[in-house]
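# Architecture at a glance
Here is what each chain is made of, one letter per residue.
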Amino acid sequence: GESVGLHLPTLSVQEGDNSIINCAYSNSASDYFIWYKQESGKGPQFIIDIRSNMDKRQGQRVTVLLNKTVKHLSLQIAATQPGDSAVYFCAENIGGGADGLTFGKGTHLIIQP
Amino acid sequence: DAEITQSPRHKITETGRQVTLACHQTWNHNNMFWYRQDLGHGLRLIHYSYGVHDTNKGEVSDGYSVSRSNTEDLPLTLESAASSQTSVYFCATSHGRNQPQHFGDGTRLSIL
């Protein structure tokens, strides 16, 4: 089965609130993790990444947390805006020389006014 | 700005036909990837290339082939299209290992 998965397929939040999207992975050899945002009819858009030697990384309004002990990854979006509505994917590079990413199934983030 | 161009954006074809999807990048990246996206499966890796004349199989490579004759292009060929290959196909590139992959906007392929 897939080594990367998501806890919730749909997340609904109020505009202005913070959003947290969770992701579980099962491959302890994974050394690179990345979050993508995908809008309808578009390709995945890079949001933020993190390497396995880190446990937190911040970007503009986004923070990624990595907990290697429980193999958990999360994406926090601060002050959610209508433009944040999209499907969010986590992905991992399982290492071993290959560089292709293994994706989770995605979480649909819905922003309520 | 650098970009990834996929063509065509939409295609309908019949089973048994050969189909080639184009991917052209101006990032000057060595690494190029092809994924397919299906409901319930997320994105899955088909083939990838680390440079000219290099190709490698991904998770779902059966029925697909790629060739890399230059840095900019990695065409994906379906030798004999099957209905199970109806999907949205994405091309991606990256500068190197553990670097963000940049994606094109996809080709929606329907095989009847």
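What this report covers is the structure whose coordinates are included nearby. (Residues numbered from 1 in each chain as written. Chains lettered and ligands numbered in written order. Predicted model: local features only at pLDDT ≥ 70, side-chain atom pairs only at ≥ 80, totals over all residues. Heavy atoms only, no water.)

### Describing the overall build of chain A
- Helices and strands together make up the secondary structure of chain A, namely zero helices and eleven strands.
- For chain A, the α and β elements follow one another from N to C terminus as β-β-β-β-β-β-β-β-β-β-β.
- A buried classification covers 43% of the 113 residues belonging to chain A.
- A separation threshold of at least 6 residues defines the contact pool for chain A, and within that pool the share at least 24 residues apart is 54%.
- For chain A, the accessible area works out to roughly 5,300 Å², and carbon and sulfur atoms hold 48% of it. (Helix = DSSP H or I, 4+ residues; strand = E, 2+ residues; numbered from the N terminus. Buried < 20%, exposed > 50% of the residue type's maximum accessible area, 1.4 Å probe, protein only. Contact = heavy atoms within 4.5 Å. Areas by Shrake-Rupley, 256 points an atom, 1.4 Å probe, with all protein chains shown as cover.)

### What to know about the side chain of Thr93(B)
- Its place among the elements puts Thr93(B) in strand 9 (residues 87–94).
- Within the structure, the side chain of Thr93(B) is placed 2.8 Å from the side chain of His29(B), a separation counted as a polar contact. (Polar contact = N/O pair within 3.5 Å; in protein donor to acceptor, adjacent residues only side chain to side chain.)

### Remarks on the sheet that holds strand 1 (residues 4–7) of chain B
All names here are of chain B.
- Read across the sheet, four strands follow the order 1-3-8-7 without closing on themselves; strand pairing throughout is antiparallel. Strand pairing shows two members of the sheet lacking a second neighbour, strand 1 and strand 7 (64–66), which therefore form its edges. Taken pair by pair, the neighbouring strands of this sheet meet at an average axis angle of 20°, ignoring direction.
- The pairing of strand 7 with strand 8 (residues 76–78) spans three bridges and is antiparallel. Counted as the bridge partner of Val-66 is Leu-76 from strand 8. (Pairing = 2+ DSSP bridges. Axes fitted to C-alpha atoms, helices over the stretch in contact; angles between N-to-C directions.)

### Some details on the interface of chain B and chain A
- Contacts between the two partners involve 23 residues from chain B, matched on the other side by 25 residues from chain A.
- Summing the contributions of chain B and of chain A, the shared interface buries around 1,800 Å²; its carbon and sulfur component is 47%.
- On the chain B side of the contact with chain A, Leu43(B), Arg97(B) and Asn98(B) bury the most area, a combined 31% of that side's loss.
- Summed over the shared surface of chain B and chain A, the result is one salt bridge.
- Asp31(A) serves as the salt-bridge partner of Arg97(B), at 3.2 Å between the closest nitrogen and oxygen.
- Going through the elements one at a time, strand 4 (31–38), strand 5 (42–49) and strand 9 of chain B are the ones with two or more residues in the side of chain B that touches chain A. (Buried area = accessible area lost by both parts, 1.4 Å probe. Salt bridge = Lys/Arg side-chain N within 4 Å of Asp/Glu carboxyl O.)

The values are spatial; any link to function lies outside them.
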